[in-house]
Every structure is written in structure tokens, then in C-alpha cells.
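Here are the chains, one letter per residue:
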Amino acid sequence: MRRLWLTQLYSSAGESLAQIAMPLLVYDMTDSSRMLGFMFVLQQIPRVLLSPVAGVIADRIDRRTILFWSALFRASIAALIPLMGGLWQIAALAMLLAAASAIARPAEMAALPAILSGSAFSQGLSLIQVTNNTMRIVGPAAGAAMIGLTGPGPAFWLQTICLCAAAVAARRLILPAIAQATVWT
């Protein structure tokens with residue numbers, strides 16, 4: 001449970017930093033509130049398109065593998081964002097980040113009942129939900145403070161570090177094998 005919790009903690013920390021860093025970066029580049037809205041829509045498209053199939057993927061592919069590679073992929077994308085000069089490049093990277101997050105989230109949530117049951121499951125789910133909700137408050141606040149001091153670039157480096165830590169925790173995660181589902185024909 002500890003490794004799954006760490007995976008989700010680091011992943012949530014990274015995502016919550018980007019929640020404030022991405023809009024500020026876009027606004028710094030464009031001075032346009034319309035572009036902020038457009039960027040938000042672009043980030044939602046992969047989630048809308050991938051969410052219906054992400055659960056099926058998590059049921060068919062090893063969840064630890066999904067968590068590990070998704071975290072590494074997101075870390076590499078986050079590391080590239082401060083290096084990009086064009087808005088279209090940042091938009092493409094933001095969509096890739098959103099797509100990887102959409103794939104990872106169901107695998108994270110499906111891993112919990114695979115390792116805990118009964119009252120331990122309820123306690124584990126509570127811990128993960130409290131952690132995620134805390135990160136939704138602490139992460140953007142920390143990101144805003146960091147951006148206020150250093151600009152948006154270093155927030156993406158910190159997001160990269162958080163996602164690398166999530167990958168390490170996911171790599172050490174031990175999950176039972178996925179049972180094969182019966183297909184109804």
C-alpha cells in the first residue's frame with residue numbers, strides 16, 4: 001500500500017504543480033485569457049476521448065507497467081515544456097500530458113482493490129482520497145509561490161522530479177496478476 005500511495009502522492013504533486021504553471025506560462029507567452037480557455041479545452045480533449053477506454057486498458061495490461069511508463073512519459077514531457085518557445089509546441093505537450101494522465105488514473109485506482117480488501121480497502125481509499133485532495137490545495141499554492149519567485153519554468157522541472165519519483169515508486173510496486181475477464185459473445 002505504501003508504494004501505491006507514494007506513486008499517487010508524487011503523481012498528484014506533479015499534476016497539481018502543472019495546474020497552476022501551465023496557465024501562467026500560456027498567459028506569459030500570449031497575454032490572452034482566450035488562449036487560457038483554448039488551452040484548457042485542448043487539455044480536456046484527450047481526457048474525454050481516452051477515459052472511456054482507459055479502464056479497459058487498466059483491466060488488460062499490467063497496472064504497474066501502466067503506472068511506471070505513464071509516469072516516465074509524463075516526466076519527459078514536463079521536462080520539455082520549459083524548453084519550448086512556441087505556443088503550439090506547449091499545446092501539443094499539454095495534450096500528451098493529459099493523455100498519459102487519463103491512462104494512468106484508472107490504473108492507479110484499480111490497483112488499490114487488488115492489494116487491499118475489507119476495512120483495509122476503506123482505509124486505503126480514504127488515505128488516497130485525502131492525499132489527492134490535499135495535493136489539489138498544496139500543489140497549486142506551492143507552484144504559485146515558486147512561479148512568483150522564479151517564473152513558470154522551474155515549476156515544470158519540479159513536476160518532472162515528482163513524476164520521476166512516481167515512476168520509481170511504481171516500479172517497486174507489487175501487484176497481483178490481472179485475472180482474465182470473461183468475454184460475453
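In this report, we go over the structure that sits alongside the text. (Residues numbered from 1 in each chain as written. Predicted model: local features only at pLDDT ≥ 70, side-chain atom pairs only at ≥ 80, totals over all residues. Heavy atoms only, no water.)

### Let's talk about the environment of R172
Link 1 in the chain: Along the chain, the position of R172 falls in the segment after α6 (153–171).
Link 2 in the chain: Here R172 falls in the exposed class, since its relative accessible area comes to 55%.
Link 3 in the chain: Each C-alpha atom, one on R172 and one on A18, is 25 Å from the other, the two residues being 154 residues apart in sequence. (Helix = DSSP H or I, 4+ residues; strand = E, 2+ residues; numbered from the N terminus. Buried < 20%, exposed > 50% of the residue type's maximum accessible area, 1.4 Å probe, protein only.)

### Some words on α6
Link 1 in the chain: Taking 1.5 Å as the rise per residue, α6 with 19 residues should run 27 Å; its terminal C-alpha atoms sit 27 Å apart, in good agreement.
Link 2 in the chain: Taken as a whole, α6 has its buried residues at G153, A155, F156, Q159, T160, C162, L163, A166, A167, A169 and A170. (Expected span 1.5 Å × (residues − 1).)

### Structural notes on the packing of aromatic side chains
Link 1 in the chain: Scanning the model with the defined rule gives 1 aromatic pair in all.
Link 2 in the chain: When the ring of F68 is compared with that of W69, the centres are 5.0 Å apart and the planes differ by 75 degrees; the resulting orientation is edge-to-face.
Link 3 in the chain: Looking at W69, the relative accessible area reads 53%, which means it is exposed.
Link 4 in the chain: Sitting over the face of the ring of F68, R171 holds its NZ or CZ atom 5.0 Å from the ring centroid. (Phe/Tyr/Trp six-rings, centres within 6.5 Å; stacked < 30°, edge-to-face > 60°. Lys NZ or Arg CZ within 6 Å of the ring centre and 35° of its normal.)

### Details of the packing of helix α1 (residues 2–30) against helix α5 (residues 118–150)
Link 1 in the chain: Relative orientation of the contacting elements α1 and α5 amounts to 35 degrees, with a least axis distance of 8 Å. α1 and α5 meet at a crossing whose hand is right-handed. Contact residues: α1 offers L4, W5, Q8, L9, S12, A13, S16, L17, Q19, I20, A21 and L24, while α5 offers L127, I128, T131, N132, M135, R136, G139, P140, A142, G143, A144 and I147.
Link 2 in the chain: Residues of the contact of α1 with α5, tallied by class, amount to 15 nonpolar, 8 polar and 1 charged. (Axes fitted to C-alpha atoms, helices over the stretch in contact; angles between N-to-C directions. Left-handed = near helix turned anticlockwise from the far one by under 90°. Contact = heavy atoms within 4.5 Å. Nonpolar A, V, L, I, M, F, W, Y, C, P; charged D, E, K, R; others polar.)

### Here's the deal with the packing of helix α3 (residues 63–80) against α6
Each pair of packed helices can be summarised by the angle the axes make with each other and by the distance between the axes.
Link 1 in the chain: Packing of α3 against α6 leaves a shortest axis separation of 8 Å and a crossing angle of 165 degrees. Judged by the inter-axis angle, α3 sits roughly antiparallel to α6. Between α3 and α6 lies a crossing whose hand is left-handed. Here α3 contributes R64, L67, F68, A71, L72, R74, A75, A78 and A79 to the contact with α6, which in turn contributes F156, W157, Q159, T160, L163, C164, A166, A167, A170 and R171.
Link 2 in the chain: Considered class by class, the residues forming the contact of α3 with α6 number 14 nonpolar, 2 polar and 3 charged. (Parallel < 35°, antiparallel > 145°, perpendicular 65-115°, else oblique.)

Distances and angles like these do not, on their own, reveal function.
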